[in-house]
Each structure stands twice: as structure tokens, then as C-alpha cells.
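These are the residues of each chain, in order.
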Amino acid sequence: MKNTIKYCLLLTIGACLSWPIIINAQSHTSPKRLRLGYSIPIDKITPETMAYARANGIDCIETFLGPYVDTARNFKFTDQEITAMVTAAKKAADDAGIQIWSVHMLFGKNIDISLPNEAERLKVMALHKKILGFCTILKPKLILFHPSWYLGLNERELRKSQMIKSANEMNKIVKAMNATMVIENMLGPALLVDARRERPLCRTVEETVEIMNRLPNDIYSAIDLNHIKNPEKLIYAMGARLKTLHVSDGTGKAENHYFPCSGQGENNWVAILTALNKVNYNGPFMYECAYKDAKDFKPCYESLYQAFKQSLETSNEK
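No experiment lies behind these values; they were computed from the predicted model shown.

Peer 1: So what about helix 6 (residues 156-176)? Which residues, and what values?
Peer 2: Taking 1.5 Å as the rise per residue, helix 6 with 21 residues should run 30 Å; its terminal C-alpha atoms sit 30 Å apart, in good agreement. Those residues of helix 6 that fall on the buried side of the exposure criterion are R156, R159, K160, Q162, M163, I164, S166, A167, M170, N171 and V174. At the exit of helix 6 stands N178, carrying a positive phi of roughly 60°.

Peer 1: How would you explain the state of the cysteines if you had to name every residue and give the values?
Peer 2: Applying the stated criterion across every chain yields a total of one disulfide. A disulfide bridge connects C261 with C300, and the sulfur atoms are separated by 2.1 Å. Measuring the twist about the S-S bond at about 95°, one finds the C261-C300 disulfide to be right-handed. Separated by 39 residues along the polypeptide, C261 in the loop between strand 9 (242-246) and helix 9 (269-278) and C300 in helix 10 (residues 297-317) bring together distant segments of the chain. C261 gets classed as partly exposed once you look at its relative accessible area, which sits at 34%. Free cysteine C60: the closest other cysteine sulfur is in C289, separated by 14 Å.

Peer 1: Before we move on, can you summarise empty space enclosed by the protein with the specific residues and values?
Peer 2: One pass over the full model with this rule turns up two cavities of 30 Å³ or more. Looking at the largest cavity, its volume works out to about 80 Å³. Residue lining of the largest cavity: K32, L34, L273, L276, N277, Y281, Y301, Y305 and F308, and that is the complete set. Looking at the lining of the largest cavity, the elements with two or more residues in it are helix 9 and helix 10. Looking at side-chain class alone, the lining of the largest cavity contains seven nonpolar, one polar and one charged residues. Lining the second largest cavity, in full, are M105, L106, F107, I111, D112, I113, H128, F145 and H146. Residues belonging to the lining of the second largest cavity are distributed by class as follows: six nonpolar, two polar and one charged.

Peer 1: Any details on the packing of aromatic side chains? Residues and values, ideally.
Peer 2: In this structure the tally under the stated criterion is 15 aromatic pairs. Ring geometry for Y68 against F77: centres 5.9 Å apart, planes inclined by 90°, an arrangement best described as edge-to-face. When its relative accessible area of 34% is taken as the criterion, F77 is described as partly exposed. Aromatic side chains F75 and F134 sit 6.2 Å apart centroid to centroid with 65° between the ring planes, which places their arrangement in the edge-to-face category. Of the two residues, F75 is situated in the loop between strand 2 (60-64) and helix 4 (79-96) and F134 in helix 5 (residues 118-135); the sequence distance between them amounts to 59 residues. You can call F134 buried: its relative accessible area is 6%. Members of the aromatic cluster, each reached through a chain of ring pairs, are Y38, F259, W269, F285, Y287, Y291, F297, Y301, Y305 and F308. Positioned over the ring face of W101 is R35, at 5.0 Å from the centre of the ring. Sitting over the face of the ring of Y150, R197 holds its NZ or CZ atom 4.6 Å from the ring centroid.

Peer 1: Give a detailed account of the nonpolar core, specifying residues and quantitative values.
Peer 2: Across soluble globular proteins, nonpolar side chains show a tendency to be buried alongside one another. Counting residues in each nonpolar core, the largest one holds 81 residues, and the members touching the most others are M50, F285 and Y287. When residues in this core are grouped by element, the largest group, seven residues, is from helix 5. Once residues within four sequence positions are removed from consideration, M50 is found in contact with Y38, I40, I45, I61, A92, A93, A96 and I98. Among the nonpolar cores identified, the runner-up in size contains seven residues, and W101, V182, A222 and M286 belong to it.

Cut-offs used in this document
- Residues numbered from 1 in each chain as written.
- Predicted model: local features only at pLDDT ≥ 70, side-chain atom pairs only at ≥ 80, totals over all residues.
- Heavy atoms only, no water.
- Helix = DSSP H or I, 4+ residues; strand = E, 2+ residues; numbered from the N terminus.
- Expected span 1.5 Å × (residues − 1).
- Buried < 20%, exposed > 50% of the residue type's maximum accessible area, 1.4 Å probe, protein only.
- Disulfide = S-S within 2.5 Å.
- 1 Å grid on protein atoms, 1.4 Å probe; cavity = no way out; pocket = protein on both sides within 12 Å on 5 of 7 lines; lining within 4 Å.
- Points joined across faces, edges and corners; volume = space filled by probe spheres on them.
- Nonpolar A, V, L, I, M, F, W, Y, C, P; charged D, E, K, R; others polar.
- Phe/Tyr/Trp six-rings, centres within 6.5 Å; stacked < 30°, edge-to-face > 60°.
- Lys NZ or Arg CZ within 6 Å of the ring centre and 35° of its normal.
- Core = buried A, V, L, I, M, F, W, Y, C linked by side-chain atoms within 4.5 Å.
- Contact = heavy atoms within 4.5 Å.

The following block contains the structure:
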């Protein structure tokens, strides 16, 4: 009897003093904030730009080696020159405390991993292999590829097969770098661009799911929020396979790449952040958009985050 009284007393004290505080804290836990990043060409990574970005809340960057290669797949500088420039960029980021999160591989009409001509596809593979050699200096976490450029008419299945073949080949090299390969979804409001061309691969939720299901499980998804109407649907479809974002606003009909806080696009940011939260997305909020000043990235994200947080609080009150 005495033990029962003591137990009840402890329950009462706990209920009055500490337990409600713990429960209250748990029920009002704020959703996690994402790290912030932005896309910047390799030749713009300098001590000055990195120090400024870090001072304004940037944690990581995505870069690309486009300034070193022309559209005909020719390098503009010697290997020694490129090595020196990439090394300097890596040092600038490291000194500022900024992580090189991802490298966006080159793409275009002649730089397409889905090219139907096998000899040309192999030339693209050779280009990417050389670029990845330079990328080892940067030590990125992710290597991002476009699945294709625009396609000819009635060759979609062939292009998928070629792209998957290329992705498997590239994945071996990427893994040897201790990095992860990701494939980006592409713009595709309608199948046809014009009378002679189809939209790139991964243009819809359904096609992206189909192609990703045909790839190894250790090739992941990158979602461009400007490339598709209602991008939250693709976020849910990719789920745990989503590793990184390209953040911009748009209509899903064109390469708008609007700044998310410009008010120009149609994205529902509460729906997007809700989807990211539900799939436990752990990557950065990586801006790839038009912007005036890097100092605008953090307050923009904060405004989107607060609207999302408020929506959760409102939902919990109901």
C-alpha cells in the first residue's frame, strides 16, 4: 500500500512539474531547416565570392566545369591549367568553410549520354571521364547528370536504353570517387518541342519513375523544381531516392528559373517544403536561379520556411 501511494505521488509530481514540459516541447518541435547552397560556375569560385557567400549563410555549392569546355567537346585549356584552376577553386571554398556538394556535368546537343549513335556516345563518355578526373580534386558528394538533350522523333525507347547504358558506366567511376551519382528530371510539359523534336527524358513523374526503376538503386534522383508543374508530386514519387534539389520558381512550361521569392512563378512552396519534410529530405536547399545578390538567399528561404512552419502549426491546431 505504501509503495502504491509513493508511486502515485511520483506520478502526480511528474505530471505537475516536468512531464507536461517535455511533452509540450516534443509536440511543438519545429521542422528542421535545410542547409543553403547555390549553383556557381567553377571560374567564379574565388576567395572573395566564397567568403561573401559564407558570411550570408551559404553552407555549400554546386559547380560546373562549363567554362573549360566548348560545345564541340573541346577543352579550352591544357590539363595543367585546368588542374591549377580547379585546385584554386577547391582551396577558396575550403578556406571559406563551404562544402562543394555537387558537380553538374556538362550537357547539350553534342554532350548527351543518350546519343543513339554509339561512336558519338562513346566520345561523350570519354569527355565525362576526363572531367571527372578533374572533379576528384573538388571531392564533391554528388555528381549530377542530365538524362538527355532533346530527342528526335520516335526514338525515345532507344534513347532510354543508351542513357541507362551510359549511367551504369558512369556510376562505376563516380563510386570510385567516393561520390554518388544523381539524375535530374527535365522540362516536359508536352512530348513535342516542335515538328522535329521531342522533349528530353525524365520529363514527367511517370517517365522519371520508370527510368529510375531501371537504374541501379545506388543511382539517385535530383529534382529541378522549375522543370515540372507541381514538383511536390515528383518529390513524393522519388521519396528516399531524392538526394538533391535545383531550387527555382517557374510554371513547368519553360526554363524560367525565377528567384523563388520574386513572385513570378507558380510553385506552391508550402506544398514543396511539406513534401521534402515528409520524405525526410536531408540535402541542401540548392538555388539554381536568377538572383541579384547572394545575400538574398537566406532571407528568401527563411520566409518560405516560416510559411511552411505556420501551415504545420495551423494544421496541428485543427
